[in-house]
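# Fold and geometry: a report
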Amino acid sequence: MKKLVLLGALALSVLSLPTFADEKPLKIGIEAAYPPFASKAPDGSIVGFDYDIGNALCEEMKVKCVWVEQEFDGLIPALKVRKIDAVLSSMSITEDRKKSVDFTNKYYNTPARLVMKAGTQVSDGLTELKGKNIGVQRGSIHERFAREVLAPLGAEIKPYGSQNEIYLDVAAGRLDGTVADATLLDDGFLKTDAGKGFAFVGPAFTDVKYFGDGVGIAVRKGDALKDKINTAIAAIRENGKYKQIQDKYFAFDIYGK
């Protein structure tokens, strides 16, 4: 009888092995220089909307999150060489990016805007940007937009490693302005002391060609992780966890239409 019990226990342990294998940590790439979506707290920990959403998704999927910091333009290369399993770093879903990675459904959607000195007049035609130095984050959709739309109008496009570096040069007068996500610009610059005297100018930019169908989570081509994350996104939207996190950072529905 004891042998039968022992054999039964061994059989159960063997059957349970795949379950434990499935629970391996999920390595998520993020750039922690994009407040209020992701930034560093004084103690060095990562904070922000993206970070909280990622942790909520991992909790829903019952896996451990391991966050891997990386500059934005290195996130997709890191994903491809399996340094990370997913990119959760305010990455817009675009046709160009979909050539090399798969995206989950969106988890938020906001327009891009131009920030310059308050009172600067910029029409819908953007012709006033001729000769202006405009900072953009290297590797972002905003860089592509600026090079293909603003540069032909005469704007001088200056790429930077992070949006925080751009803020410093805008405030110091070394740049005339910057194009980035509207929520990022509002919380990360305009509402700060450095952003006093600056404002949104010109139209909101929403062209799907450049700004895609919202912001999603990137995974490797064909990875079943995409479906698991989609299920988790739907779950936290349904159970109220998404709204709880959203309301911590924003006074409006950032998920969009």
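Residues numbered from 1 in each chain as written. Predicted model: local features only at pLDDT ≥ 70, side-chain atom pairs only at ≥ 80, totals over all residues. Heavy atoms only, no water.

Attention now goes to the packing of aromatic side chains. The geometry of two aromatic rings is summed up by the distance between their centres and the angle between their planes. Under the counting rule described, the total for this entry stands at 20 aromatic pairs. Considering the side-chain rings of Phe 145 and Phe 205, the 4.7 Å spacing of their centres and the 45° angle between planes classify their relative orientation as tilted. Separated by 60 residues along the polypeptide, Phe 145 in helix 4 (residues 141-150) and Phe 205 in strand 11 (residues 198-205) bring together distant segments of the chain. No difference in accessibility class separates Phe 145 from Phe 205, as the two residues are buried. Ring geometry for Phe 189 versus Phe 198: centroids 5.4 Å apart, planes at 55°, classification tilted. By the burial criterion, Phe 189 is buried, and Phe 198 matches it. In this structure an aromatic cluster arises from ring pairing among Tyr 34, Phe 37, Phe 49, Tyr 107, Tyr 108, Tyr 242, Tyr 249, Phe 250, Phe 252 and Tyr 255. It is Arg 237 that lies over the ring of Tyr 255; its NZ or CZ is 3.6 Å from the centre. (Phe/Tyr/Trp six-rings, centres within 6.5 Å; stacked < 30°, edge-to-face > 60°. Helix = DSSP H or I, 4+ residues; strand = E, 2+ residues; numbered from the N terminus. Buried < 20%, exposed > 50% of the residue type's maximum accessible area, 1.4 Å probe, protein only. Lys NZ or Arg CZ within 6 Å of the ring centre and 35° of its normal.)

With that out of the way, let us pick up the state of the cysteines. Within the structure shown, the criterion is met by one disulfide. Here Cys 58 pairs with Cys 65 through a disulfide, and the sulfurs are 2.0 Å apart. Around the S-S axis, the bridge from Cys 58 to Cys 65 shows a dihedral of about 90° and counts as right-handed. Summarising the burial analysis for this pair, Cys 58 and Cys 65 share the class buried. (Disulfide = S-S within 2.5 Å.)

This next bit is on the pattern of salt bridges. All chains considered together, the criterion is met by 13 salt bridges. Ionic pairing is found between Glu 95 and Lys 98, a salt bridge with its closest N-O pair at 2.9 Å. The class for Glu 95 is exposed, based on a relative accessible area of 55%. Classification of Lys 98 by relative accessible area gives partly exposed; the value is 28%. As a salt-bridge pair, Asp 102 and Lys 221 come within 3.5 Å of each other at their nearest N and O atoms. Taken together, the residues span a long stretch of sequence, with Asp 102 in strand 6 (residues 102-103) and Lys 221 in the loop between strand 12 (215-219) and helix 8 (225-238) at a distance of 119 residues. Overall, the relative accessible area of 17% leaves Asp 102 in the buried class. (Salt bridge = Lys/Arg side-chain N within 4 Å of Asp/Glu carboxyl O.)

On to the packing of helix 5 (residues 163-171) against helix 6 (residues 182-190), then. Taken N-terminus to C-terminus, the directions of helix 5 and helix 6 make an angle of 60°; their axes are 11 Å apart at the nearest point. When the interaxial angle is binned, helix 5 and helix 6 end up oblique. Here helix 5 runs over helix 6; the crossing is right-handed. Here Gln 163, Tyr 167, Val 170 and Ala 171 of helix 5 come into contact with helix 6, specifically with Leu 184, Leu 185, Gly 188 and Phe 189. Considered class by class, the residues forming the contact of helix 5 with helix 6 number six nonpolar, two polar and no charged. (Axes fitted to C-alpha atoms, helices over the stretch in contact; angles between N-to-C directions. Parallel < 35°, antiparallel > 145°, perpendicular 65-115°, else oblique. Left-handed = near helix turned anticlockwise from the far one by under 90°. Contact = heavy atoms within 4.5 Å. Nonpolar A, V, L, I, M, F, W, Y, C, P; charged D, E, K, R; others polar.)

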